[in-house]
Amino acid sequence: VATIGVNIEEAKESLLQGKLVGIPTETVYGLGGNALDEKVVLSIFQAKNRPSFDPLIIHTDRLDKLKNFVHEIPTPLLCLANRFWPGPLTILLPKKSIIPDLVTSGLDQVAVRIPDNPLTLALLSKLDFPLAAPSANPFGYISPTTAQHVENQLGEQVSYILDGGACEIGIESTIVGMEAGELVIYRLGGLSIEDIESVVGKVKIMSHSSSNPKAPGMIKSHYAPKKRFLLHDRVEFGKVSGSIGYLLFDQYLDGVDTQYQRLLSPTGDLKEAAQNLFKYLRELDNLAIDLIEAEFVPNVDLGRAINDRLRRAAAQG
Ligand code: TXA
Ligand code: MG
């Protein structure tokens, strides 16, 4: 069982001893460890039961620290970093050899992010190594958005969890890289395409190619609850039999006990929907029901990233 608290020194001590720490970010909680220590990186994969072909993101607190870890930053990516860091943006950059191959699953590029959370930024500022941090959930399961979620699932594997409260954004960072001089989005996330395009113009989206060799981790089935999970354009009551929990956008279904329903945002606000997504999926997964039915949200702004998570939760195997 891990200690949960706000003691940055204690978190730092654990990391210096090669242990893993739960870190709050504005997107989801991370399972952090010294990215430069191969043994620690291996223990991250083991703690999550994560396949070694699924690379990790490294986290730091300042752009100027990056030059130790990566070669030059292409201008469009630098523009995005300057504009959106700290924030829900991850960029792919050519790595220096100081970053163990295990971090990147043998790829030449490493994923980098400056997260926006005061506790984690304070911790990172006291470290002379970046933190490799995947989302702090067992591989394939729903990502954690509170310290308690981390404790519930990985409490045995971490020594300390920094408690930053509930994550403000609630879904993972948007991953952007460059291919043949063109900007490409590899994972839809907490920074919308609209926001990115307002800075750098039209970008290409490749987040659904599960066979894309650049991003071996973007696996089709992910974020999955343990319960059977059905996804529809619009949920209609009575079409499916069994005892059902409903994950809905902004309106309750008539004739169903509201205890079995979760509204992502009663006011139809996609930001709020993103904040609630993983929490409600967990709650439904823990109800005594046979299956979960969910519906897509409007496919704009953060809605695209939410729909992406719903699709992956619904994908089998
Ligand atoms: O918001 C986030 O990004 C959170 C917080 C903790 O920062 N982290 C997170 O990490 O979502 P994780 O490990 O759950 O997802 C990282 C994904 C990998 O599955 C992979 O798809 C992609 O990032 N990735 C990492 N390194 C990559 C690389 N070198 N090339 C391509 N894709 C990479
Ligand atoms: Mg993850």
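Note that this is a predicted model, so its numbers are computed, not measured. (Residues numbered from 1 in each chain as written. Chains lettered and ligands numbered in written order. Predicted model: local features only at pLDDT ≥ 70, side-chain atom pairs only at ≥ 80, totals over all residues. Heavy atoms only, no water.)

Visitor: For this particular structure, what's the right way to read the packing of helix α1 (residues 8-16) against helix α4 (residues 118-125)?
Guide: For any two helices packed against each other, one specifies the crossing angle of their axes together with the interaxial distance. Contact geometry for α1 and α4: axes closest at 10 Å, N-to-C directions at 50°. As the angle between them shows, α1 and α4 are arranged oblique. Relative to α4, α1 is oriented so that their crossing is right-handed. Two secondary-structure elements touch here, α1 through Ile8, Ala11, Lys12 and Leu15 and α4 through Leu119, Ala122 and Leu123. Grouping the constituent residues of the contact of α1 with α4 by class yields six nonpolar, no polar and one charged. (Axes fitted to C-alpha atoms, helices over the stretch in contact; angles between N-to-C directions. Helix = DSSP H or I, 4+ residues; strand = E, 2+ residues; numbered from the N terminus. Parallel < 35°, antiparallel > 145°, perpendicular 65-115°, else oblique. Left-handed = near helix turned anticlockwise from the far one by under 90°. Contact = heavy atoms within 4.5 Å. Nonpolar A, V, L, I, M, F, W, Y, C, P; charged D, E, K, R; others polar.)

Visitor: Would you take a moment to explain the environment of threonine 104 for this structure?
Guide: When you line up the elements, threonine 104 lands in the loop between β5 (89-94) and β6 (109-113). C-alpha separation for the pair threonine 104 and asparagine 137, spaced 33 residues apart in sequence, amounts to 19 Å.

Visitor: Help me understand the site of ligand 1 in this model?
Guide: The immediate surroundings of ligand 1 are formed by 25 residues, with Thr27, Asp54, His59, Gln109 and Ser173 found nearest. Aspartate 54 has a polar side-chain atom sitting 2.7 Å from an oxygen atom of ligand 1. For ligand 1, the accessible surface in isolation is 680 Å², of which the surrounding protein chains cover 97%. Of all the elements in the fold, those that place two or more residues in the shell around ligand 1 are β4 (57-59) and β6. The dominant element in the shell around ligand 1, judged by the number of residues it contributes, is β6, at three residues. Of the residues in the shell around ligand 1, the class split is twelve nonpolar, seven polar and six charged. (Near = heavy atom within 4 Å. Polar contact = N/O pair within 3.5 Å; in protein donor to acceptor, adjacent residues only side chain to side chain. Areas by Shrake-Rupley, 256 points an atom, 1.4 Å probe, with all protein chains shown as cover.)

Visitor: For this particular structure, what's the right way to read the sheet that holds strand β13 (residues 244-248)?
Guide: Hydrogen bonding along the main chain pairs the strands of a sheet, whether they run parallel or antiparallel. The four strands lie next to each other as β12-β15-β13-β14, forming an open sheet whose pairing is parallel. The two strands at the open ends of the sheet, each matched to only one other strand, are β12 (228-232) and β14 (261-263). Pairwise comparison of adjacent strand axes, ignoring direction, gives a mean angle of 15° for this sheet. In the sheet, β13 pairs with strand β15 (residues 291-295) via four bridges, with the strands oriented parallel. From the neighbouring strand, tyrosine 246 faces β15, where its bridge partner is glutamate 293. Sitting on the sheet, helix α7 (residues 270-285) is in contact with β12, β13, β14 and β15, with an inclination near 175° to β13. (Pairing = 2+ DSSP bridges.)

Visitor: Where do I start with the pairing of β6 in this structure?
Guide: It is a general feature of regular strands that their side chains alternate between the two faces of the sheet. Burial analysis of β6 places five of its five residues in the buried class, the great majority of the element. Sheet topology places β4 next to β6; three bridges connect them, and they run parallel. Looking at the pairing, histidine 59 lines up with arginine 113 of β6. Relative to β6, β5 runs antiparallel, the two sharing four bridges. Bridge pairing in β6 links proline 94 to glutamine 109. (Buried < 20%, exposed > 50% of the residue type's maximum accessible area, 1.4 Å probe, protein only.)

Visitor: Mind showing me how you'd approach the pattern of salt bridges here?
Guide: Any two side chains of opposite charge can pair if their charged atoms end up close together. Scanning the entire structure with this criterion turns up 16 salt bridges. Note that lysine 126 is salt-bridged to glutamate 9, the shortest N-O span being 3.8 Å. Residue lysine 126 is located in the loop between α4 and β7 (131-132), and its partner glutamate 9 is located in helix α1; the two are separated by 117 residues in the primary sequence. In the salt-bridge network here, residues are joined through shared partners; they are Glu172, Asp308, Arg309 and Arg312. (Salt bridge = Lys/Arg side-chain N within 4 Å of Asp/Glu carboxyl O.)

Visitor: Would you take a moment to explain the packing of helix α3 (residues 75-84) against helix α6 (residues 193-200) for this structure?
Guide: Closest axis-to-axis distance for the α3/α6 pair is 10 Å, and the angle between their directions is 120°. Classified by the angle between their axes, α3 and α6 sit oblique to one another. Note that α3 runs across α6; the crossing there is right-handed. Side by side, α3 and α6 meet where Pro76, Cys79, Leu80, Arg83 and Phe84 of the first sit next to Asp195, Ile196, Ser198, Val199 and Val200 of the second.

Visitor: What is the right way to read the sheet that holds strand β1 (residues 3-5) from this model?
Guide: Read across the open sheet, the eleven strands follow the order β1-β8-β2-β3-β7-β4-β6-β5-β9-β10-β11; overall the sheet is mixed. Strand pairing shows two members of the sheet lacking a second neighbour, β1 and β11 (204-205), which therefore form its edges. As defined by bridge partners, strand β9 (residues 174-179) adjoins strand β10 (residues 182-187) across five bridges and the pair is classed as antiparallel. Looking at the pairing, glycine 177 lines up with valine 184 of β10. Along the sheet, α6 contacts β9, β10 and β11; its crossing angle with β10, the most-contacted strand, is approximately 165°.

Visitor: Is there a simple way to explain the confidence of the model for the protein in this structure?
Guide: For residues with low pLDDT, the predicted coordinates do not support detailed interpretation. Confidence in the prediction of the protein, expressed as mean pLDDT, is 95, and 96% of residues score 70 or more. Long-range and interchain partners of residues 209-213, a stretch whose pLDDT sits below 50, account for five contacts in this model, where long-range means more than four residues apart. (pLDDT = per-residue confidence, 0-100.)

Visitor: Teacher, can you tell me more about the packing of aromatic side chains here?
Guide: With the rule as written, the count across this model stands at one aromatic pair. Judged by centre distance (5.7 Å) and plane angle (25°), the rings of tyrosine 223 and phenylalanine 278 are stacked. Here the residue tyrosine 223 occupies a position in the loop between β11 and β12, and phenylalanine 278 occupies one in helix α7, the gap between them amounting to 55 residues. Of the two residues, tyrosine 223 and phenylalanine 278, neither departs from the other in class, the shared state being buried. Here lysine 226 stacks its cationic end above the ring of tyrosine 141, 4.2 Å away from the centre of that ring. (Phe/Tyr/Trp six-rings, centres within 6.5 Å; stacked < 30°, edge-to-face > 60°. Lys NZ or Arg CZ within 6 Å of the ring centre and 35° of its normal.)

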